[in-house]
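What the coordinates show
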Amino acid sequence: MTARELDAAGITDPDLRAAYTRCRELNARHGRTYFLATRLLTPDRRPAVHALYGFARWADDIVDSLDSDAGPEERARALDRLDDDLARGLAGGDGAEPVVRALADTARRHAVDHRHFADFLASMRSDLTVTSYATHADLRRYMHGSAAVIGLQMLPVLGTVTPRQEAAPHAAELGVAFQLTNFLRDVGEDLDRGRVYLPQDLLHAHGVHRDLLHHCRDTGRDDRRVTAALREFENLTRAAYRRAAPGIAMLDPVSRPCIRTASVLYGGILDAVAATGYAVLRRRAAVPRRRRALVAADGLLRLAAARVAARRARGGRPVPPVPPVPAGPAAPDPRSRPFAALEEVV
């Protein structure tokens, strides 16, 4: 977290500033696409988004990390400790974990409904025992807590130009679309964790069963039945993006470039999956660096225009120019320092 962002958000307590900084580090390390899009928010809103992401990432790592030898019971105890810590933090305490301190502060500042956090942790807890979903409807019920509520948590931070309840279904659906994209991209990794998020009725309709998925994963071979099932899942995911799209125009204009950029970049993962022939059981699809740079550049232009319009509407001072993002072959590698020009946006 930069001092400028923390100052803009009015976060002055040193311990709290350190907690938010920890959340930003988690976002930068694990949420490459999400972190890039967050750079397109105004500085005062970024700390809250980092706090929401940092907490979600922390809980998800407790449940999913492949780097840990912890079994389900140990992971459940760790999740219970996080849940207890969160309850104390939301009740006005400090919280033991930095991610909890930052999240509790964000919830107070932006009046985020605490039920969203309870629903999220409930879905995380189900991941400890549930390894598949019979139908798409069953998967959607799980994703309410694991994805839809993330979009709902974001709304108070992003701001809306319509009544929030009007924008809420679209925000929730975008969270679902992002997670469906992750499920498609990470089929192989999730299989290594013992989970299959693609609904069983969809797989069975194409003659696909878990043993076949393991065979493709272990041998590196494709199977036309698996490819057909993955293609259908891609189509379901694209439909979720279409349902979410109207909600972007309902956001505060200065927040729209961030969410539009995130939507385009995550949607680009679907394009990358299709371009590999749906080889997600063999490798992880990624959006090419040049494409990421071009989308970021478009987001910067939209952000600059929105901020100029906002300042003019308030009769304020001119907005400083936004530096360009290189879009050619020499575009910076986001794995090292994600688009340094974005760090100069004010």
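Residues numbered from 1 in each chain as written. Predicted model: local features only at pLDDT ≥ 70, side-chain atom pairs only at ≥ 80, totals over all residues. Heavy atoms only, no water.

**Some points on the side chain of Asn 27**
You can see Asn 27 is positioned in helix α2 (residues 14-30). Beyond its immediate stretch of four places on either side in the chain, Asn 27 contacts Arg 32, Tyr 34, Phe 35, Thr 38, His 50 and Tyr 53. (Helix = DSSP H or I, 4+ residues; strand = E, 2+ residues; numbered from the N terminus. Contact = heavy atoms within 4.5 Å.)

**Digging into the side chain of Ser 255**
Of note, Ser 255 is situated in the loop between α13 (224-244) and α14 (256-275). Discounting chain neighbours no more than four positions away, the residues touching Ser 255 are Leu 41, Arg 45 and Leu 158.

**Quick look at the layout of surface pockets**
The volume enclosed by the second largest pocket comes to roughly 240 Å³. Val 63, Pro 72, Arg 75, Arg 193 and Arg 195 are, among the 16 residues lining the second largest pocket, the residues nearest its centre. Elements with a contribution of two residues or more to the lining of the second largest pocket: α4 (46-64) and α5 (72-90). For the lining of the second largest pocket, the residue count by class is 6 nonpolar, 5 polar and 5 charged. (1 Å grid on protein atoms, 1.4 Å probe; cavity = no way out; pocket = protein on both sides within 12 Å on 5 of 7 lines; lining within 4 Å. Points joined across faces, edges and corners; volume = space filled by probe spheres on them. Nonpolar A, V, L, I, M, F, W, Y, C, P; charged D, E, K, R; others polar.)

**As for α4**
With 19 residues, α4 extends 26 Å between its outermost C-alpha atoms, agreeing within 8% with the 27 Å of an ideal straight helix rising 1.5 Å per residue. Among the 19 residues in α4, 16 count as buried, and that is most of the element. (Expected span 1.5 Å × (residues − 1). Buried < 20%, exposed > 50% of the residue type's maximum accessible area, 1.4 Å probe, protein only.)

**Side note on the environment of Gly 299**
Mapped onto the elements, Gly 299 comes out in helix α15 (residues 289-314). Apart from the residues within four sequence positions on either side, Gly 299 is in contact with Leu 40, Pro 257 and Thr 261.

**Details of the pattern of salt bridges**
When their charged atoms lie close together, side chains carrying opposite charge are able to pair. As enumerated under the stated definition, the model contains 27 salt bridges in all. Salt-bridge contacts for Asp 138 lead to Arg 141; the nearest nitrogen and oxygen are separated by 2.2 Å. With a gap of 3 residues between them, Asp 138 and Arg 141 both fall in helix α8 (residues 136-158), about one helical turn apart. Residue class for Asp 138 comes out partly exposed when judged on its relative accessible area of 24%. (Salt bridge = Lys/Arg side-chain N within 4 Å of Asp/Glu carboxyl O.)

**Notes on helix α7 (residues 115-126)**
The end-to-end C-alpha distance of α7 is 17 Å, a good match for the 16 Å that 12 residues give at a rise of 1.5 Å each. Turning to α7, its buried residues number three or more, namely His 116, Phe 117, Phe 120, Leu 121, Ser 123, Met 124 and Ser 126. Contacts made by the buried residues of α7 are with α4, α5, α6 (98-110) and α8.

Read these as layout, nothing more, since geometry by itself doesn't imply function.
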